[in-house]
Each structure stands twice: as C-alpha cells, then as structure tokens.
Amino acid sequence: MPERRVRPTIHDVARRAGVSATTVSHTFSGKGVVAAATREHVREVARELGYRPDAVARGLRNSRLGVLALVLRPLETLDSFLPEGVDYFLRFAGQAALAAMQLGYGLMLVSDPTQESSPSAALACDGFLITEPVQGDPLVRMLIDERIPFLTVGRDPANADYDTWIDTGTTQMTYEVLRHLTEAGASRVALVTGTDRNSWNIDAENAYRAWAADRGQEPLVVHQPETAGESGGSAAAHELLRAASPPDAVYCLTGRHAAGLLRAVTERGYTVPGDIRIVAGSDSEHSRSTTPPITSVDLGPELLARVAVTMLVNRLESLDRPIPPGDLHGRLIVRGSTA
C-alpha cells in the first residue's frame, strides 16, 4: 500500500519560519498582533510546506463541544503514565471525569498541545484543566494568547497574567508538617524536593527556608528528580547523612522519594522513627506499604478535582454554582515513621 503523506503541522511552519507556534496560529486566526511582514513570511512558508490550518478544530472551538481537556503536567517528567505506587493522578482524573459528567461535560485526557506529538484537535475543547503547571509554562501562555478558558491546580510561578488557579495550600501544609515533626521530638529537619519548577516544589522550599530562618537553623535541602523514584530517595539519604550536622527528620515531597530514603537509612543501621523521622508530602501506595508505614499528606485529589471542574464550568457558562466545600490543603495522616 502507498505510504500515507504526513501533513505538516503548525510546529513545522514555526520552525521553518523562525517564529513561535503562537505567531503562526495568530497569522491564520486573525487574533493577536502580528507584523505585516512577519504574517506574509509565515504564509509563504506555509505555502511552501503545504500547510493548511486545522479548520475542524477552529470550527469546533467556535461552538460548544461539551468536552473539557485535562493535562496532567507532572506526568510528562515521570517514567510512565502511572508510576508504580503513585495514585494521585488516577484519583484526580477519575473524580474530574465524574464531576464533569454531572455538569453535562465529557473529560478528555490530552498531552500538552504545545508539543508536536499532541493532536491539534485538543484545542477544540471548551476549556482546559492543568495540574501543577511549570514555571513559565508554555501551555498557560498559549491558552492566554488563544483566549481559551482554563484553570490550573497550583499556579505558574513565573506568570502573573492570570488568576484562574487553585491554591492547594502547599505553604500551610509545609508548616503543619514541620510543626508535627518538632512536636515528635525532631530538632534538625531536612527537606527533599523534586526538580520540577512548579509551585508545589517552590512554595514548599520557600516555606521551609523561612521556618528554618525563624528558628536560627541552617536549612538542609536536597533536590532529586521526580523521575528518580526510590533511587532518588536513596541518593538523598546518602547526601543528608554525609552532612556536617545530619538530620533527625526528613520531609520528602514525593512518596517514592520517602520510601527510598526509608530503605536507605534503615540499611545503614538507623531506626525509624527512633533516629530519623520521615514524612511524605504525597500519600501513595509506597508510603502506606513500607515498614514502618510513612506519615504522609493526603492531598485530597478527589476534592481538588471536583472544585477545579466546578470552577472551570462556572467560568465557561458564566454561572455561580456552589463550590464543593472542604479544605484544599490536604490532611496529615500520622503513621509509624513519626509516631
């Protein structure tokens, strides 16, 4: 059979023309401000490549499709769609789908539309939900430029041009965890964060450093990639135990890091919680099934999902439905790693 001809994409045009994908989009949609010379250059490149704007997506966007798009941002840095032991994303997506259905919408899980691998039809969705956008998030910028309604769970730390985001209470929860550890007898608390530049990592570290400064304590912070999983926690343990003043408590933002750290310190002969107390910033199967089980923050993804969907649909329909009640900063579940 003859090979199917691959259609050029907006990214192909942008790369050949030396402009952004947003500029190409604005050239053909008439939105935004594009200099006449740039617009003509982009159109000429498009003609050379045989590019045609996606009229289907544009046409759908001009009418109500009844579908919300969900972009689970952190998953793009992890090693699989549902990393072993991590259930936050599954819980969030499942509850978001149910909440959307109850409000008359469908929910479509999509990859980042700013990436070449994403289908352009994703932009036809009525609105977008994005979990934990990264600093200077290109998708947030694209949605602002294209005037597509969206809401983020957590904020883009480098973008003050929008206010449609949910504060997940990371700062408040960090102080609650630190208070719990000191009440459990800890005097030297360390922090292990991921390397994604999102508000969860940034706000937690800022709160920890402010807390340490108030106590006159030298902060002890280790960064490990989210992709490292348990091995990242093991590497963090090695670094922390080599410190001039090793910690007697560690707050790991991810459950997989916490599980790896627990295994590493016990293999070195330390007892938990006797010598070192451990808290995970996100409850997961890893933190529940270790020995001892790890004290963790249940981030409450079900409530976050219901609130996010309700807020986004209210914006789409210019309504003021009641927002589901509850505390969005999560709750601390105390287990054997600190008890």
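Above: the structure in question.
No experiment lies behind these values; they were computed from the predicted model shown. (Residues numbered from 1 in each chain as written. Predicted model: local features only at pLDDT ≥ 70, side-chain atom pairs only at ≥ 80, totals over all residues. Heavy atoms only, no water.)

Asker: Looking at this model, I keep getting lost on unusual backbone geometry. Mind explaining?
Answerer: Generally, phi is negative for residues other than glycine and the peptide bonds are trans, each holding for most cases. The peptide bond linking Val 272 to Pro 273 adopts the cis configuration, its omega dihedral lying at 15°. Positionally, Pro 273 belongs in the loop between helix H10 (255-267) and strand E9 (277-280). Between Thr 291 and Pro 292 the backbone carries a cis peptide bond, its omega angle lying at -5°. Counting through the fold element by element, Pro 292 comes out in the loop between helix H11 (285-289) and strand E10 (295-298). Backbone geometry at Glu 132 places phi at a positive 45°, although glycine is not the residue there. (Helix = DSSP H or I, 4+ residues; strand = E, 2+ residues; numbered from the N terminus.)

Asker: How should H10 be read in this particular structure?
Answerer: Residues that lie three or four places apart on an α-helix share one face, since the helix turns once every 3.6 residues. Counted at 1.5 Å a residue, the expected span for H10 with its 13 residues is 18 Å, and the 18 Å between its end C-alpha atoms agrees. Counted residue by residue, H10 has 10 buried out of 13 residues, so it is predominantly covered. In the core, the buried residues of H10 are packed alongside strand E6 (189-193), helix H9 (229-241), strand E8 (249-252), E9 and H11. (Expected span 1.5 Å × (residues − 1). Buried < 20%, exposed > 50% of the residue type's maximum accessible area, 1.4 Å probe, protein only. Contact = heavy atoms within 4.5 Å.)

Asker: Is there a simple way to think about the pairing of E9 in this case?
Answerer: Side-chain positions along a regular strand alternate between the two faces of the sheet. Going residue by residue along E9, you find Arg 277 and Val 279 tucked away on one face and Ile 278 and Ala 280 tucked away on the opposite face as well. Pairing of E8 with E9 involves 4 bridges; the strand directions are parallel. Of the residues in E9, the one forming a bridge with Val 250 is Ile 278. Where the polypeptide runs from E8 across H10 and back to E9, its parallel neighbour, the crossover connection is right-handed. (Pairing = 2+ DSSP bridges. Right-handed = clockwise from strand over helix to strand, strands pointing away.)

Asker: Would you mind showing me how to read the packing of aromatic side chains here?
Answerer: The way to describe two aromatic rings as a pair is by their centre distance and the angle between their planes. Within the structure shown, the criterion is met by 4 aromatic pairs. Here Phe 150 and Tyr 162 contribute two aromatic rings whose centre-to-centre distance is 5.3 Å and whose plane-to-plane angle is 50°, an arrangement assigned as tilted. Linking Phe 150 in strand E4 (residues 150-153) with Tyr 162 in the loop between E4 and strand E5 (165-166), this pair joins segments that are 12 residues apart in sequence. One aromatic cluster in this structure is built from Tyr 88, Phe 89 and Phe 92. (Phe/Tyr/Trp six-rings, centres within 6.5 Å; stacked < 30°, edge-to-face > 60°.)

Asker: Mind showing me how you'd approach empty space enclosed by the protein here?
Answerer: Leftover empty space is mapped by rolling, across the atoms, a probe with the size of a water molecule. Counted by the stated rule, this structure contains 1 cavity of 30 Å³ or more. Space inside the largest cavity adds up to approximately 510 Å³. Of the residues that constitute the lining of the largest cavity, the class distribution is 13 nonpolar, 15 polar and 6 charged. (1 Å grid on protein atoms, 1.4 Å probe; cavity = no way out; pocket = protein on both sides within 12 Å on 5 of 7 lines; lining within 4 Å. Points joined across faces, edges and corners; volume = space filled by probe spheres on them. Nonpolar A, V, L, I, M, F, W, Y, C, P; charged D, E, K, R; others polar.)

Asker: Whenever I open this one, the packing of helix H7 (residues 170-183) against helix H8 (residues 199-215) confuses me. Can you help?
Answerer: Relative placement of two packed helices is described by the angle separating their axes and the distance separating the axes. The N-to-C vectors of H7 and H8 enclose an angle of 45°; their axes lie 8 Å apart at closest approach. Considering their axes alone, H7 and H8 lie oblique with respect to each other. Pair H7 / H8 crosses with right-handed handedness. Residues Thr 170, Thr 171, Thr 174, Tyr 175, Leu 178 and Thr 182 of H7 lie in contact with H8, whose contacting residues are Trp 200, Asp 203, Ala 204, Ala 207, Tyr 208, Ala 210, Trp 211 and Arg 215. Class assignment for the residues of the contact of H7 with H8 results in 8 nonpolar, 4 polar and 2 charged. (Axes fitted to C-alpha atoms, helices over the stretch in contact; angles between N-to-C directions. Parallel < 35°, antiparallel > 145°, perpendicular 65-115°, else oblique. Left-handed = near helix turned anticlockwise from the far one by under 90°.)

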